[in-house]
Amino acid sequence: MSDKPNLYSRNRQTGIGALLGKAKDSDSGSTFSMPSVVEGTLEFELRVVKASDIDKLCTLSVYNSRSYKNLTRAAVSDILPSIKLQKRNAIPAVGALVGDKIEVLAGGRRMYSVGLIPEAEFYILIAKDVSEQDKKFLANTSDTYNQPSILDVGYKVIEIQEMMKRADGSPYALREIADMLDVSLGKAQESATFARYPDYLLAGFPGLRFVSYKWLRKMKAYSDRFDEHKSEIIETYSGDDELIEMQDAEKYSMNLQKRIEKIFKPIIQPSPKLQDWKDKSLPTGIKAAINGNDLTLKVSVDKVAPETLEVIESLLK
């Protein structure tokens, strides 16, 4: 589910894509510029942050829809091998200097991945004196390789609701938060609903990106029964924290969704009459299969006597 079908074309049109292309082969201290969406020009400098300094110097921008605290090794398994090999992120992140902190507008997954490798370095384009409009624009047009999941958005909505206030101390309205994250009001509402599911429902997944939107919507029908089945839900986890291969993580997550969903679906006991079909002696060419309260008869026309077919046809009329 995405509100941004044209993000990649927007990226190319704005020049940020070209800027990142130039920066990826440049040295620390190199400078670049691009037009501001407000007025004037944004000036960037390429800087390098050691992995050990990331937590001290960097923070993810409120305009970035990624839920940084919920990132996992599995969630970055597509970029982690190359970063581990090169000891750096090939494509620089994008940020703004705010006081003595670097506000990372785009590149949360790259920042997290570099942080997992002690000897690696985090390359980031940093601009000074960036307007809020430019921050929002850069966050929503630069971070396009792997879109934040519906749960990422939901956790960010809740974070802003609970931790940020306007200058006068009043909370932001949901419509304002949706605009801040460049999503529709409906997506902001629904994503926050999903993000408020209990932690134990989602804790078994190797990453937020592996939880499907379709499954999250299905779970809404069972939300009043989550606590009732808490122990059963927890028992569905494998306890494997090393699911870092993307294919394994995706397959595991699909199976986990099925296992959890099965907890809430009632087990249908076949009616006694249908059970009788298991012991029936059927004519050659006719087979019976029972699934719950469904009876399926398979008729091989070339093996069934013509008179038997006539009887079946007359009964179906």
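Cut-off values and rules
Residues numbered from 1 in each chain as written. Predicted model: local features only at pLDDT ≥ 70, side-chain atom pairs only at ≥ 80, totals over all residues. Heavy atoms only, no water. Helix = DSSP H or I, 4+ residues; strand = E, 2+ residues; numbered from the N terminus. Buried < 20%, exposed > 50% of the residue type's maximum accessible area, 1.4 Å probe, protein only. Contact = heavy atoms within 4.5 Å. Areas by Shrake-Rupley, 256 points an atom, 1.4 Å probe, with all protein chains shown as cover. pLDDT = per-residue confidence, 0-100. Pairing = 2+ DSSP bridges. Phe/Tyr/Trp six-rings, centres within 6.5 Å; stacked < 30°, edge-to-face > 60°. Lys NZ or Arg CZ within 6 Å of the ring centre and 35° of its normal. Axes fitted to C-alpha atoms, helices over the stretch in contact; angles between N-to-C directions. Parallel < 35°, antiparallel > 145°, perpendicular 65-115°, else oblique. Left-handed = near helix turned anticlockwise from the far one by under 90°. Nonpolar A, V, L, I, M, F, W, Y, C, P; charged D, E, K, R; others polar.

Asks: In this structure, what is going on with the overall build of the protein? I would like to understand it.
Replies: A count of helical and extended segments in the protein gives 15 helices and 8 strands. Burial statistics for the protein: of 317 residues in total, 42% are counted as buried. Contacts in the protein between residues at least 24 apart in sequence constitute 69% of all its contacts with a sequence separation of at least 6. When the accessible surface of the protein is summed, it comes to about 17900 Å², and 50% of that surface belongs to carbon and sulfur atoms.

Asks: Before we go on, may I ask you to explain the confidence of the model for the protein in this structure?
Replies: It should be kept in mind that the predicted coordinates are not to be read in detail where pLDDT is low. Across the protein, the average pLDDT comes to 86, with 90% of residues at 70 or higher. A low-confidence stretch, residues 1–13 (pLDDT under 50), is modelled with 26 contacts involving residues beyond four sequence positions or located in other chains.

Asks: Could you clarify how one ought to interpret the pairing of strand β5 (residues 101–106) in this entry?
Replies: Side-chain positions along a regular strand alternate between the two faces of the sheet. Counting buried positions along β5 gives 5 out of 6 residues, so the element sits mostly inside the fold. Here strand β3 (residues 58–60) runs beside β5; their pairing, made up of 3 bridges, is parallel. Looking at the pairing, T59 lines up with E103 of β5. The hairpin turn running from strand β4 (residues 93–98) into β5, its antiparallel successor, is 2 residues long, and G99 in that turn takes a positive phi close to 65 degrees.

Asks: Could you clarify how one ought to interpret the packing of aromatic side chains in this entry?
Replies: In this description, an aromatic ring pair is defined by two values, namely the gap between the centres and the angle between the planes. Applying the stated rule across the entire model yields 7 aromatic pairs. Geometrically, the ring pair formed by F194 and Y197 is tilted, given 5.8 Å between the ring centres and 50 degrees between the ring planes. For the pair formed by F194 and Y197, the shared burial category is buried. Centroid distance F226 to F264: 5.9 Å. Interplanar angle 70 degrees. Geometry classified as edge-to-face. Here the residue F226 occupies a position in the loop between α11 (213–219) and α12 (230–235), and F264 occupies one in helix α13 (residues 246–264), the gap between them amounting to 38 residues. The ring of Y123 has R88 lying over it, and the distance from NZ or CZ to the ring centre is 3.6 Å.

Asks: What am I meant to see in the packing of helix α7 (residues 150–163) against helix α8 (residues 174–181) here?
Replies: Helix-helix packing: each pair is described by the crossing angle between the helix axes and the interaxial distance. Close contact between α7 and α8 brings their axes to 10 Å; oriented N to C, the two are set at 125 degrees. Taken together, the axis directions place α7 and α8 in an arrangement best described as oblique. Viewed along their axes, α7 and α8 form a crossing whose handedness is right-handed. Residues V153, K156, V157, I160 and Q161 of α7 form the contact with α8, whose own contacting residues are L174, I177, M180 and L181. Considered class by class, the residues forming the contact of α7 with α8 number 7 nonpolar, 1 polar and 1 charged.

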